[in-house]
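Chain and residue survey
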Number of protein chains: 2
Amino acid sequence: MAITIKDVAKLANVSPSTVSRVISQSPRISDATKKLVYSAMDELKYKPNAIARNLANASTKTLGLIIPNQDENLFKNPFFIQAMRGISIYAQKKNYKIMFNYGASPEDELSFVHEFVNSKWVDGIILLTAYENDLCIEYLSEEAFPFVVVGRPYNIHDIMWVDNDNFQATYNLVNSLIQKGCQDIAFVGGPQKYIFSKDRLEGYKRALELRNLTVNKDLIIEAKDFTEEDGYQSMAKICAIKVPHAVVTTDDLLGFGVLKYLREHELNVKVTGFNNIPLSEYQNPALTSVDIKAEDLGYNAAKLLIKALEGVENTVNHYIVGTELVERESTL
Amino acid sequence: MAITIKDVAKLANVSPSTVSRVISQSPRISDATKKLVYSAMDELKYKPNAIARNLANASTKTLGLIIPNQDENLFKNPFFIQAMRGISIYAQKKNYKIMFNYGASPEDELSFVHEFVNSKWVDGIILLTAYENDLCIEYLSEEAFPFVVVGRPYNIHDIMWVDNDNFQATYNLVNSLIQKGCQDIAFVGGPQKYIFSKDRLEGYKRALELRNLTVNKDLIIEAKDFTEEDGYQSMAKICAIKVPHAVVTTDDLLGFGVLKYLREHELNVKVTGFNNIPLSEYQNPALTSVDIKAEDLGYNAAKLLIKALEGVENTVNHYIVGTELVERESTL
DNA sequence: CTGAAAGCGCTTACAG
DNA sequence: CTGAAAGCGCTTACAG
């Protein structure tokens, strides 16, 4: 039988209420009784039962995390583990726990969200991806259940989110290519169901426009998926039209495919990736990329959510994490 | 106010006890009342409060996971995310949840284990690394708290664990090198505080001995850490003695360092890594490596633990996951 | 097959 | 500053 608050109360000669107040650090308890209670707790090695507290408090101090399945990318791209680390670090500071589920499909993800909400297991939820018509976001909004999204959602009305400034990152990137003398700059982007795909494309276009360079639709490809193969094929399409001075891709794996094509055809074209995954450094040539600071994203997502849960008045409901351009051989 | 079992009972004109029995699928409830209760639950959109169930059942159907910090390796090596996926997949099948904490240091890890155990948050714990004198293992054993270790622990008495056969994997690897004509085979291993380091070294030695090849201590290096730099330095030391025909390393990052040294000195030596991280494929030359099937390790760890929790009589308390040798340019 | 009652281990409004 | 009592939302041995 486990030691309960009653055992402590008995030993300390006080009521269970008093013990409870000592645990929860209620201010109106005399120092004398506090000491009594503490020493009784020590003697019995008493540890509060978290589940009972949760029930009485109607709160679990736990965050729910949904990890989407992204196949290949899940392993090659340390985004999720880094984000989780950031989340975990902030949560630990505030004494929050984290519960996660790995969703094999968007339907899976939705059903886990349902479960998290219905079962009262968690106080708030962190979504690690935002889709175009995101059912999880829709459901959570309807239920008015606290949540935060890593990645700016489509309809940001009253939704908390954390993201990079994808528009700006790409804008700056293209600018720097222009400054290096590139004129024909191609773009290999990902599926437009992700809002960051759109943002990055916009940044690219705007940078060209402001320098009065024409935006050539033939040099813009929307890849089906973020794979090396897609990057390779995209580059083949582009080169069938025209060999550009540079290619901006919105994912490192796409960039790898582009590099592969260029190596095989012995073409000299500057290439950039996105996400700065460890593999980038090992490409031939090493791939210039944009570090999106995944750990910071996670950290700030947890921060935003926990502050909201604790009732801290948020002046803002979102947070922008800066990116860092890591230049390597592929653009030097 | 949330809908409770009482509301359902009232609407269905039965007692709360009956509703509870329907939820927990007790066999001795008439089909008639079952229907009544189910339709009442539907009408009210009743969802059981998991926390209350946990308290009454003294069980949370939750597993606790400790993710050790391994710096660099945490991001370059997808081991943890793969293992987590495997754990999550099995847990979901059995309706278990997973709670995790990322430990910044071994002390951190221990304090999280304490917390998991004391707070009654979890029914069992999965440790993702085993150290030589593992305080977590020691504590959990003393408390007789259910747990499983990924990686064979030192003292396996009564401990559940899941691992590859590191001895055999290295043994086979070295054998295949010998068959390719290699005689002088060097070994770059990791810190001996990890048991797999010892196992892999043993496998190497045994393979040589059985072929009557001498085990040359000068060709065996124990690196301080699993980094590229360590691999590079180790190779320098070895080559100062003698340039071998092949080098077996116990971690891909070490292998990368060895390759780097060989490239710089234009030496033709066969090299193997371990873990088969995505980067291996992209080395120059692509690195031969051993796939340790991290997802399977996680899956079987969860399986072992959950079976034990559910009181299924385990005939074995451990499970060996097969490895796969992935041959690439570096040994061809 | 079903219900009334006690219990899981906490918290907290109320009273003093 | 402290205690008795009711409550959080379930489960289950006991009785019928």
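The paragraphs below set out a description of the structure included in this document. (Residues numbered from 1 in each chain as written. Chains lettered and ligands numbered in written order. Predicted model: local features only at pLDDT ≥ 70, side-chain atom pairs only at ≥ 80, totals over all residues. Heavy atoms only, no water.)

Examining the sheet that holds strand β3 (residues 124-127) of chain B
One open sheet holds the 12 strands; their spatial order is β11(A)-β5(A)-β4(A)-β3(A)-β1(A)-β2(A)-β2(B)-β1(B)-β3(B)-β4(B)-β5(B)-β11(B), and the pairing between them is mixed. The open sheet is flanked by β11 (318-321) of chain A together with β11 (318-321) of chain B, the only strands paired with a single partner. For this sheet, the mean angle separating the axes of adjacent strands, direction not counted, is 20 degrees. Lying over the sheet, helix α6 (residues 79-93) of chain B contacts β2 (97-103) of chain A together with β1 (62-68), β2 (97-103), β3 and β4 (147-150) of chain B, oriented at roughly 80 degrees with respect to β2(A). (Pairing = 2+ DSSP bridges. Helix = DSSP H or I, 4+ residues; strand = E, 2+ residues; numbered from the N terminus. Axes fitted to C-alpha atoms, helices over the stretch in contact; angles between N-to-C directions. Contact = heavy atoms within 4.5 Å.)

Focus on the packing of aromatic side chains
All names here are of chain B. All told, the structure shown has 20 aromatic pairs over all chains when counted by the stated rule. Ring geometry for Phe 167 and Tyr 171: centres 6.0 Å apart, planes at 15 degrees, overall stacked. In this pair, Phe 167 and Tyr 171 are both assigned in helix α9 (residues 166-179), 4 residues apart and thus about one turn of the helix distant. Taking 5.4 Å as the distance between ring centres and 70 degrees as the angle between the ring planes, the aromatic pair formed by Tyr 232 and Tyr 261 counts as edge-to-face. In this pair, Tyr 232 sits in helix α11 (residues 228-241) while Tyr 261 sits in helix α12 (residues 252-264), placing the two residues 29 residues apart along the sequence. (Phe/Tyr/Trp six-rings, centres within 6.5 Å; stacked < 30°, edge-to-face > 60°.)

Digging into the protein's contact with DNA strand C
Close contacts around DNA strand C come from 25 residues, with A:Ser20, A:Arg21, B:Thr18, B:Arg21 and B:Thr33 the closest. Backbone sugar and phosphate groups make up 63% of those atoms of DNA strand C lying within 4 Å of the protein. Between DNA strand C and the protein, one listed contact pairs a phosphate oxygen with a side-chain N or O atom of A:Tyr46 at 2.9 Å. Counting only elements with at least two residues in the surface near DNA strand C, the list comes to α2 (16-23) and α4 (50-57) of chain A together with α2 (16-23) and α4 (50-57) of chain B. For the surface near DNA strand C, the element with the highest residue contribution is α4(A), accounting for 4 residues. Its residues placed into classes, the surface near DNA strand C shows 10 nonpolar, 10 polar and 5 charged. (Near = heavy atom within 4 Å. Polar contact = N/O pair within 3.5 Å; in protein donor to acceptor, adjacent residues only side chain to side chain. Nonpolar A, V, L, I, M, F, W, Y, C, P; charged D, E, K, R; others polar.)

Brief notes about the interface of chain B and chain A
Contact residues are listed per partner, giving 46 residues for chain B and 46 residues for chain A. Summed over both sides, the interface of chain B with chain A buries roughly 4,400 Å², with 67% coming from carbon and sulfur. When residues of chain B are sorted by the area they lose upon contact with chain A, B:Phe75, B:Trp121 and B:Tyr282 head the list and together hold 17% of the total. Inspection of the chain B/chain A interface yields 2 salt bridges. Counting across the interface, chain B meets chain A through 16 residue pairs in polar contact (both at pLDDT 80 or more). (Buried area = accessible area lost by both parts, 1.4 Å probe. Salt bridge = Lys/Arg side-chain N within 4 Å of Asp/Glu carboxyl O.)

Points about the protein's contact with DNA strand D
Residues in close proximity to DNA strand D total 26 residues, the closest being A:Thr18, A:Arg21, A:Thr33, B:Ser20 and B:Arg21. One of the side-chain nitrogen or oxygen atoms of A:Thr18 is found 2.4 Å away from a phosphate oxygen of DNA strand D. Between DNA strand D and the protein, one listed contact pairs a phosphate oxygen with a backbone N or O atom of A:Ser30 at 3.1 Å. At the level of elements, α2 and α4 of chain A together with α2 and α4 of chain B are the ones that each hand at least two residues to the surface near DNA strand D. Per-element accounting of the surface near DNA strand D gives the leading share, 5 residues, to α4(B). Of the residues belonging to the surface near DNA strand D, the class tally is 11 nonpolar, 10 polar and 5 charged.

Some points on the sheet that holds strand β9 (residues 270-272) of chain A
All names here are of chain A. The parallel open sheet is built from 4 strands, whose spatial order is β7-β6-β8-β9. Edge strands, defined here as strands with exactly one partner in the open sheet, are β7 (220-222) and β9. Neighbour-to-neighbour, the strand axes of this sheet turn through a mean angle of 15 degrees, independent of strand direction. Here 4 bridges tie strand β6 (residues 185-189) to strand β8 (residues 246-249), and the two strands are oriented parallel to one another. Paired with Ile 185 across the bridge in β8 is Ala 246. Sitting on the sheet, helix α10 (residues 195-210) touches β6 and β7, and the angle it makes with β6 is about 170 degrees.

Points about the pairing of β2(A)
Of all 7 residues in β2(A), 7 are buried; the element is thus mostly enclosed. Here β2(A) shows no split at all, with A:Lys97, A:Met99, A:Asn101 and A:Gly103 on one side and A:Ile98, A:Phe100 and A:Tyr102 on the other all buried. Note that β2(A) and β2(B) share 3 bridges and pair antiparallel. Each bridged residue has a counterpart across the sheet, and for A:Phe100 the counterpart in β2(B) is B:Ile98. (Buried < 20%, exposed > 50% of the residue type's maximum accessible area, 1.4 Å probe, protein only.)

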